[in-house]
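As a plain string of letters, each chain reads:
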Amino acid sequence: MSHRTIDIIGGGPAGLAAARLIKLTDPDAAVTVYERASSNTSTFGFGVGLTGATMKNLTAADPHVAERVREASYAGHRLTLRGSEGDVELHGARNLAIGRATLLAVLADAARDIGVRLQMGTRYEMTESSADVIVAADGANSEARGKLETELGFSVEHGRLHFMWCGVDFATDTAFFTSKGHGDAQFVAHAYPYAADRSTFLIEADEVTWEAAGLATNDAAVEKGGTDEKSIALLEEVFANDLQGRRLLTNRTRWARFPTVSLERWHTGNVVLIGDAAHTAHYTIGSGTKLAIEDGIALAEALAENRDVTAAFSAYEEARRPAVDRFKLLAARSQTWWETFRNRSGRLPEEIALSYMTRAGNLTIADYAREYPENARTALRHLGEAPVSEPERLDDWVLSRPGPDALAQAESREVHTPPAGPDVRTVTWANRNPTSAAADRLLEEVAADTDRCTTVITGPEDPADVGARLDLAERLRVDASRPVVVEVPVASRPMAAAAVAARRCDAIVTTA
Ligand SMILES: Cc1cc2nc3c(=O)[nH]c(=O)nc-3n(C[C@H](O)[C@H](O)[C@H](O)COP(=O)(O)OP(=O)(O)OC[C@H]3O[C@@H](n4cnc5c(N)ncnc54)[C@H](O)[C@@H]3O)c2cc1C
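These figures come from a predicted structure and were not determined experimentally.

Caption draft 1: The packing of aromatic side chains, seen in detail. Enumeration according to the criterion identifies 16 aromatic pairs in this entry. Between the aromatic rings of Phe 187 and Trp 255, the centroid separation amounts to 6.4 Å while the plane-to-plane angle is 20°, which identifies the pairing as stacked. Of this pair, Phe 187 sits in strand E13 (residues 185-195) while Trp 255 is found in the loop between helix H9 (229-238) and strand E15 (259-263), placing the two residues 68 residues apart along the sequence. Using a relative accessible area of 2% as the deciding quantity, one classes Phe 187 as buried. With a relative accessible area of 7%, Trp 255 lands in the buried category. Their ring planes at 70° and their centres at 5.8 Å tell us that Phe 258 and Tyr 283 sit as a pair that is edge-to-face. With Phe 258 in the loop between H9 and E15 and Tyr 283 in the loop between strand E17 (271-273) and helix H10 (288-305), this residue pair connects regions lying 25 residues apart in the sequence. The class for Phe 258 is buried, based on a relative accessible area of 13%.

As structure tokens, this is what we get:
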């Protein structure tokens, strides 16, 4: 038993989960959570989704809290992609959703019950602290991190989409995605129920929509801490059918761009960062709360096993880095998919569904076809009739389809030597952001190059680099209307086959 004093900045999921677990494993520690909001109901955001994996990990670490969270959650919704050409049902009742305020109330009560002190309405000042350990769990805009940026090796990249996190006062009958608008102004909504009388209704606008709908002007007129009433009124009109005529619920709601936070080190001196303060992953893979809670679990374990604070912090970081890095990569690809959503307009809903489900690179065509055989059959029709019925043979079927007309040299979708000749441009791409300014410049160059028709993209073999090439290929083939062939190592063949199936690229060159 340690008699350590532990100050936790932030009563979000990370701070509260860590507080309870640290106190459980070390009852003599004096654990205090400082939360600047005066109550859990004044928190930002509406509902968050919790996956089966999150609940499994929470159950293993803290069955009591897992059970309380499960009881307070809303279960059982399907996921529907509402397209202009019809709807596609994606999957059933696997995920739970819970109001953020409810989740925080459950976590706060469970922490308080075992002796954690909660100081609500208190903004923490690090300089005034004499604690043995300071846990910065103060979210994506962490002030604590701001004071230690250099020591921690901080960087942030803002996404291109503008989003608004709203709610509605009824439970939508399914979770759904839909795109609505007028002319160039096309908004995307992600909605899901999280209580009998509440749903999250998150809306995105890409840069074309931002310009076309004049959203910058609306945004500029909003005061600090205010709600963008003009944009809300516009969105209520655009999504009137989906909203069933109801109003959007807001809570200091305005357009934002998602910040992807990365740190070279998650601790310095007696300060350790957890949750969004240490790392963020785009909300479209719904895993920020999961990562935040799992950080709390790992930090409590590391502090229990190591008397030396620095050793404990290192053990925590070592345990968590691999999982966090993996989710960051999945999230980055998912973010790109949503940033380029417009590029898939006009496609069959089944094709969009296949593209959506394989967007992050962790699901193969076989995985998809096993679960949705009919959808897969329709989605693959652009490659020819009658795909094989055994899902595990689909990669070979897809890659053996005849090459597209525009690629005269390719007898199938998989070639073993890259196309060559005066009409071929070969690009080596090692940038993992396919929507970066460098990618925009490449797009312009390719579109302006009337001599060379086909683009071959090559680059490093790491799956994260391959994923970025495939996503860049989709931008090139849609925006610059050129056939694109992507070089992939044989280990990434399933991901590449899914990319051909989802029209991210026209063909692949596999290398040993
Ligand atoms: C639009 C959107 C949708 C999302 N949807 C999902 C989803 O469906 N599923 C999911 O798992 N995740 C989702 N997330 C991510 C999730 O909200 C975060 O990853 C999660 O809340 C991180 O928890 P945290 O405790 O690290 O930080 P936070 O939840 O941000 O909590 C930080 C807390 O610190 C407090 N604080 C800040 N500074 C101070 C200070 N100086 N003193 C005292 N207190 C302070 C804040 O008031 C806040 O309560 C979404 C995020 C966004 C932006």
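Following the structure, the description resumes.
Caption draft 2: Spatial organisation of the site of the ligand. Taken together, 32 residues lie near the ligand, and Glu 35, Gly 49, Arg 100, Asp 276 and Thr 289 sit nearest. Within the backbone of Gly 286, a nitrogen or oxygen atom sits 3.5 Å from an oxygen atom of the ligand. Coverage of the ligand by the protein chains reaches 92% of its 1,000 Å² of free accessible surface. Taken together, the elements giving at least two residues each to the shell around the ligand come down to helix H1 (13-25), strand E2 (30-35), strand E3 (47-50), strand E11 (162-168) and H10. Tallied by class, the residues present in the shell around the ligand amount to 14 nonpolar, 10 polar and 8 charged. Looking at which domains feed residues into the shell around the ligand, each of domain 1 (5-75 + 94-156 + 259-336) and domain 2 (162-238) supplies at least three.

Caption draft 3: Examining the domain arrangement of the protein more closely. As far as domains go, the protein holds domain 1 (5-75 + 94-156 + 259-336), domain 2 (162-238) and domain 3 (390-511). Here domain 2 and domain 3 have C-alpha centroids that lie 34 Å from each other.

Caption draft 4: Here's a closer look at the sheet that holds strand E22 (residues 507-511). The strand order across the open sheet built from 5 strands is E18-E22-E21-E20-E19, with neighbouring strands paired in parallel fashion. With partners counted over all chains shown, the strands left at the sheet margins are strand E18 (414-415) and strand E19 (424-428), one partner each. Note that E18 and E22 share 2 bridges and pair parallel. Directly across from Glu 414, in E22, lies its bridge partner Ile 508. In this fold helix H17 (residues 463-479) packs onto strand E20 (454-458) and strand E21 (484-489), with an angle of close to 175° to the strand it touches most, E21.

Caption draft 5: Molecular detail of empty space enclosed by the protein. A full pass over the atoms with the stated rule returns 4 cavities of 30 Å³ or more. Space inside the largest cavity adds up to approximately 40 Å³. Of the residues forming the lining of the largest cavity, the biggest block, 4 residues, is contributed by H1. Partitioning the lining of the largest cavity into residue classes produces 6 nonpolar, no polar and 2 charged.

Caption draft 6: Focus on the packing of helix H2 (residues 52-61) against H10. Two elements in contact, H2 and H10, have axes separated by 10 Å at closest approach and are oriented at 20°. Comparing their axes, H10 and H2 come out roughly parallel. Our pair here, H2 against H10, has a crossing hand that is left-handed. Touching Ala 53, Thr 54, Asn 57, Leu 58 and Ala 61 of H2 are Lys 290, Ile 293, Glu 294 and Ile 297, all from H10.

Thresholds applied
- Residues numbered from 1 in each chain as written.
- Predicted model: local features only at pLDDT ≥ 70, side-chain atom pairs only at ≥ 80, totals over all residues.
- Heavy atoms only, no water.
- Phe/Tyr/Trp six-rings, centres within 6.5 Å; stacked < 30°, edge-to-face > 60°.
- Helix = DSSP H or I, 4+ residues; strand = E, 2+ residues; numbered from the N terminus.
- Buried < 20%, exposed > 50% of the residue type's maximum accessible area, 1.4 Å probe, protein only.
- Near = heavy atom within 4 Å.
- Polar contact = N/O pair within 3.5 Å; in protein donor to acceptor, adjacent residues only side chain to side chain.
- Areas by Shrake-Rupley, 256 points an atom, 1.4 Å probe, with all protein chains shown as cover.
- Nonpolar A, V, L, I, M, F, W, Y, C, P; charged D, E, K, R; others polar.
- Domains from an automatic or database assignment.
- Pairing = 2+ DSSP bridges.
- Contact = heavy atoms within 4.5 Å.
- Axes fitted to C-alpha atoms, helices over the stretch in contact; angles between N-to-C directions.
- 1 Å grid on protein atoms, 1.4 Å probe; cavity = no way out; pocket = protein on both sides within 12 Å on 5 of 7 lines; lining within 4 Å.
- Points joined across faces, edges and corners; volume = space filled by probe spheres on them.
- Parallel < 35°, antiparallel > 145°, perpendicular 65-115°, else oblique.
- Left-handed = near helix turned anticlockwise from the far one by under 90°.

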